[in-house]
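Results of the structural survey
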Amino acid sequence: MVAKRKKVVMAVGMAISLPVWAQSGAEAPTLTLGEVVVSAGGGGPLATRSVLSSVDVLPQERIESQVVSNNWQLLGQVPGVMLTEFGQGTTSGKFSMRGFNGEGEINAVKLLIDGVPSNSNDGNMPYIDLAPLLDIEAIEVVRGTNDPRYGLHGIAGNANIVTKLGGNYAIGRLGYGSFDTRDAQAAAGFEKDGFTQNYAVGYQKGDGYRDHSAFEKAGLSAKWFYSPDNGNSRYGLIVRHHEASADEAGYLTYAQSRADPKMSPAHNAFDDDKRRMTQVAAQAETAIGETLHWAAQAYMNDLDDRRYVTFSANVPQQERYVAENHVGASTTLTWRAGATAVGDLTLVGGLDTERQDNRSERYNTLRQVRQTQTRDQQFDFNIYGAFVQAVLKPTRDLSIIPAYRVDRASGRYTNRLNGRTYDVNDYGSIEQPKLSAIYRLAEGHSLYANWGRSFQVGVGTAAYKVNQADDLDPSINEGWEAGLKFRPLNWLEGRVAVWRQTASNEARRRLNDPANDAENIGRTRRQGVDVQLNAQPNEKLGLWVGAAVQRSRILKADAASVATEGKEIDHVPHLLYNLGADYRLSDALRLSAWLQGQSSYYLERSNSTGRFGGYALTNVSATYRASRQVDLELQVRNLGDRYYEYVWYDGTQSLHAPGNGRSIHAMVTARF
């Protein structure tokens, strides 16, 4: 059942209803970026905020106005989230959090689009660009180990891209900017007699900041939903498709990056990528009487990606082909028992499964002509999960949320180069108990704490018994968090939290390994402090600040890499920060400025090859409402034209990918 909501928004943007336990007296630890929000309502399934972790909501106001080439760049506005910018064609970058890096070796964030699981087999996030920018209503980021709804890839948390559903609107945008970037987007919604239709398209083309970095991409989304009984049930179909092609500028040596960051080495002249993605989902939810709510979905994700890449002058070009087809289903049942002898009680349980058919091929090539084949793999990977969660309110001010999840895996791998097949590791039943609590100290102030376990299993061939006869155990991540949410004034709110996460026997993918295998890191610990503030001192001015201080360390190294014991995990900055301000100069003119940055990081686990990657970038924008229907916007990214870069170490040298210099973009947006 769709909840009825009341909301008071103290800044420009969107408010999303708080969960049932928060609505009935407790103070949710959720923050909406740049807003101070008070919500009320009830009914339907438990909302994301009921997981009682560090939850941040990036609202529509801070999404649709951004000039980005990839949706992962939007997450740079979320406190505690790290962006890793590879800058290599469609392999452009990704986001990570909680002391996990974005290298692709350990992909620790479960990505969802409207609740549909959207990770590739290795946990990467190519599907993130399936949602056209003008179709995104919010992005919900959950950090920590205490959310029982998702298992696979949810090591450090999850992020859900929530798109628009229903409404009557039409919006179009045209943009042009630096590097000959052309952008066209449109979205429309139609709602009548319980039937909703939502459509969105996007197209972007540009030359890129560096030589040999031109790109072109296009995507579309369509959603049809029907509610036959005045909001008590809803049934619908979602279809999304995205295609992209891009040249790859390649990585530079240290000397090249300082002499000419825009250059592309000659050995990268034939590097490029073509990617095609499709997602189809059927979703249903209905109220069963006054106390039960049922929801279910079935989905299919399809990925086809062919990449030609040359990492340095002294290695051959590779052709990398990935074809994945994942089908899955999930169902949940929520029971609102109401007042009981132990307090107000809500129970929710769920089942989910995903079946993967994956193909991975690699070749050594010369100017995209195949020379030798180094990989030909087909592997089925299936995951099954179940969870139960209770929300108990023994008093008006206290909420206790115990939960339990269990996952099991199955599958089979075939090495098509030699015809050998292998079974998946029998990980057994992967048990994940979780517990959260929140206590309301006073109006606008609450303490919260949570503890939980998540897990890591092998991806690629590392999930199968290829190099050993015995089954491997999963790596168990055990984490806790304690925090304070406060609102000392009606226009000021914030959150401060401390957290720690320890992994029992962490492993990472060997990214350039023809066998598609992994290596053990050992026992690891990540910990940190998060601080966030939102302020709206008057109707014209809005401010936000976020910072995360974090440390990662290898507590007990694997026997094969004893020299890394006690060292820091690579590509993990000690500090992430962002801050910004919005100012309404008049009813027609709004100015914005924001800064995001991070400290430097080590390039590999011995910590002996220097630190790179620190930056602080300033962005500004001005939006002018020319009429009720038309907005004009000018946005400048990297205002100071600061040099910044992504850096990695190939075993012999550091390799550098310079980020974009200053860029200027103009947009016109029309609403009908």
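Per chain, residues are indexed from 1 in the order of the written sequence. Side-chain atom pairs in this predicted model are given and counted only at pLDDT of 80 or more, local residue features only at pLDDT of at least 70, and totals for whole chains, interfaces and linings cover all residues. The basis for every side-chain value is the complete set of heavy atoms in the structure, and neither hydrogens nor water enter the calculation.

Turning to the side chain of threonine 145, a few remarks are in order. In DSSP terms, a helix is any run of H or I states spanning at least four residues, a strand is any run of E spanning at least two, and both are numbered starting from the N terminus. Structurally, threonine 145 is set in the loop between β9 (136-143) and β10 (157-163). Whether a residue is buried, partly exposed or exposed follows from its accessible area with a 1.4 Å probe, protein chains only, as a fraction of its type maximum: under 20%, in between, or over 50%, in that order. Looking at threonine 145, the relative accessible area reads 3%, which means it is buried. Throughout this description, a polar contact denotes any pair of N or O atoms lying within 3.5 Å of each other; where both atoms belong to protein, one of them has to be capable of donating a hydrogen while the other can accept it, and for residues adjacent in sequence the pair is counted only when both atoms sit in side chains. Side-chain polar atoms of threonine 145 contact the backbone oxygen of glycine 452, separated by 2.9 Å. Excluding its chain neighbours within four sequence positions, the residues that come into contact with threonine 145 are Ile155, Lys434, Trp451, Gly452, Arg453, Ser454, Asn477, Gly479 and Gln501. It only takes one pair of heavy atoms within 4.5 Å for two residues to be counted as in contact.

Here we take up the sheet that holds strand β8 (residues 116-117). Strand order in the open sheet made by the six strands is β2-β4-β9-β10-β7-β8, with mixed pairing throughout. Looking along the sheet, the strands with just one partner apiece sit at the ends: β2 (31-32) and β8. Only strands that DSSP links by at least two bridges are regarded as paired with each other. Judged from the two bridges that link them, strand β7 (residues 109-113) and β8 form a sheet pairing that is antiparallel. By the bridge assignment, leucine 112 is partnered in β8 with proline 117.

Let us now look at the environment of glutamine 629. Tracing the sequence through the fold places glutamine 629 in the loop between β33 (615-625) and β34 (630-637). Separated by 42 residues in the primary sequence, glutamine 629 and arginine 671 have C-alpha atoms spaced 4.9 Å apart. Those residues in contact with glutamine 629, other than ones at most four positions away along the chain, are Thr669, Ala670 and Arg671.

A few words on the nonpolar core. Joining through side-chain atoms within 4.5 Å is the link that ties buried Ala, Val, Leu, Ile, Met, Phe, Trp, Tyr and Cys residues into a set, and such a set is a nonpolar core. Core analysis: the largest hydrophobic core is formed by 30 residues, its most contacted members being Leu74, Leu75, Phe95, Ile139, Val141 and Ile161. Where this core is concerned, the elements lending two or more residues are β5 (81-88), β6 (91-97), β7, β9 and β10. Among residues more than four places away in sequence, those in contact with isoleucine 161 are Leu111, Leu112, Ile113, Asp114, Ile128, Ala131, Ile136, Ala138 and Ile139. Judged by nonpolar contacts, the second largest core, of 14 residues, contains Phe381, Val424, Ile430 and Tyr464.

Before going further, it helps to examine the pairing of β9. Counted residue by residue, β9 has seven buried out of eight residues, so it is predominantly covered. Where strand β4 (residues 54-59) and β9 come together, six bridges link them in antiparallel fashion. Each residue of the ladder has a partner; that of proline 59, found in β9, is alanine 138. Pairing of β9 with β10, which is carried by seven bridges, proceeds in the antiparallel orientation. Considered in β10, the bridge of isoleucine 136 is made with threonine 163.

Among the eight residues that make up β5, six are buried, leaving the element largely enclosed by the rest of the structure. One ladder, built from six bridges, connects β5 with β6; its direction is antiparallel. Within β6, the residue paired with glutamate 85 across the bridge is glycine 93. Hairpin connection from β5 to β6: two residues lie between these consecutive antiparallel strands, with glycine 89 at a positive phi of about 60°.

Once that is clear, we can look at a nonpolar patch on the surface. Each patch is assembled from residues with relative accessible area greater than 30% and no salt bridge, linking like charges that lie within 9 Å and nonpolar side chains (Val, Leu, Ile, Met, Phe, Trp, Tyr) that lie within 5 Å. Note that accessible areas follow from Shrake-Rupley with a 1.4 Å probe, and for residues the cover is restricted to the protein chains shown. A carboxyl oxygen of Asp or Glu within 4 Å of a side-chain nitrogen of Lys or Arg is what we treat as a salt bridge. Nonpolar side chains collect at one region of the surface, where Trp480, Val496, Val498, Val529, Val531, Val549 and Leu575 lie side by side and expose about 480 Å² of accessible area between them. When residues of the nonpolar patch are traced back to their parent elements, those giving at least two are β26 (492-509) and β27 (518-535). Tracing the backbone through its elements, the reader meets leucine 575 in strand β29 (residues 575-584). Residue leucine 575 is classed as partly exposed on the basis of its relative accessible area, which comes to 31%.

Our next topic: the packing of aromatic side chains. The rule is short: rings of Phe, Tyr and Trp, with Trp giving its six-membered ring, pair when the centres are within 6.5 Å, and they are stacked under 30 degrees, edge-to-face over 60, tilted in between. Scanning all chains against the criterion turns up 13 aromatic pairs. Considering the side-chain rings of phenylalanine 86 and tyrosine 646, the 5.1 Å spacing of their centres and the 85° angle between planes classify their relative orientation as edge-to-face. With phenylalanine 86 in strand β5 and tyrosine 646 in strand β35 (residues 645-649), the pair connects residues that are 560 residues apart, well separated along the chain. Both residues of the pair, phenylalanine 86 and tyrosine 646, count as buried.

This paragraph deals with the side chain of glutamate 285. If you trace the backbone, glutamate 285 turns up in strand β16 (residues 272-288). Of the polar contacts made by the side chain of glutamate 285, one reaches the side chain of arginine 234; its length is 2.5 Å. Among the polar contacts listed, one links the side chain of glutamate 285 to the side chain of histidine 293, at a separation of 3.0 Å.

Unlike most non-glycine residues, aspartate 114 shows phi in positive territory, near 55°. On the accessibility criterion, aspartate 114 (17% relative accessible area) is buried. The phi angle at asparagine 230 is positive, at roughly 60°, despite the residue not being glycine. Structurally, asparagine 230 can be placed in the loop between β14 (215-226) and β15 (233-247). The class of asparagine 230 is exposed, set by a relative accessible area of 79%.

All right, on to the pattern of salt bridges then. Counted under the stated rule, the structure contains 42 salt bridges. Taking the shortest distance from any N to any O, the salt bridge between glutamate 61 and arginine 590 comes out at 2.1 Å. With glutamate 61 in the loop between β4 and β5 and arginine 590 in strand β30 (residues 589-598), this pair connects stretches of sequence that are 529 residues apart. In this structure glutamate 61 comes out as partly exposed when scored by relative accessible area, which is 22%. Taking relative accessible area as the criterion, arginine 590 reaches 15% and is therefore assigned buried. A salt bridge links aspartate 426 to arginine 408, with the nearest nitrogen and oxygen atoms 3.9 Å apart. Taken as a pair, aspartate 426 in the loop between β22 (420-423) and β23 (430-442) and arginine 408 in strand β21 (residues 398-415) lie far apart in primary sequence, 18 residues in all. Here the residues in one salt-bridge network are Asp56, Arg98, Arg143, Glu481, Arg495 and Asp530, joined through shared partners.

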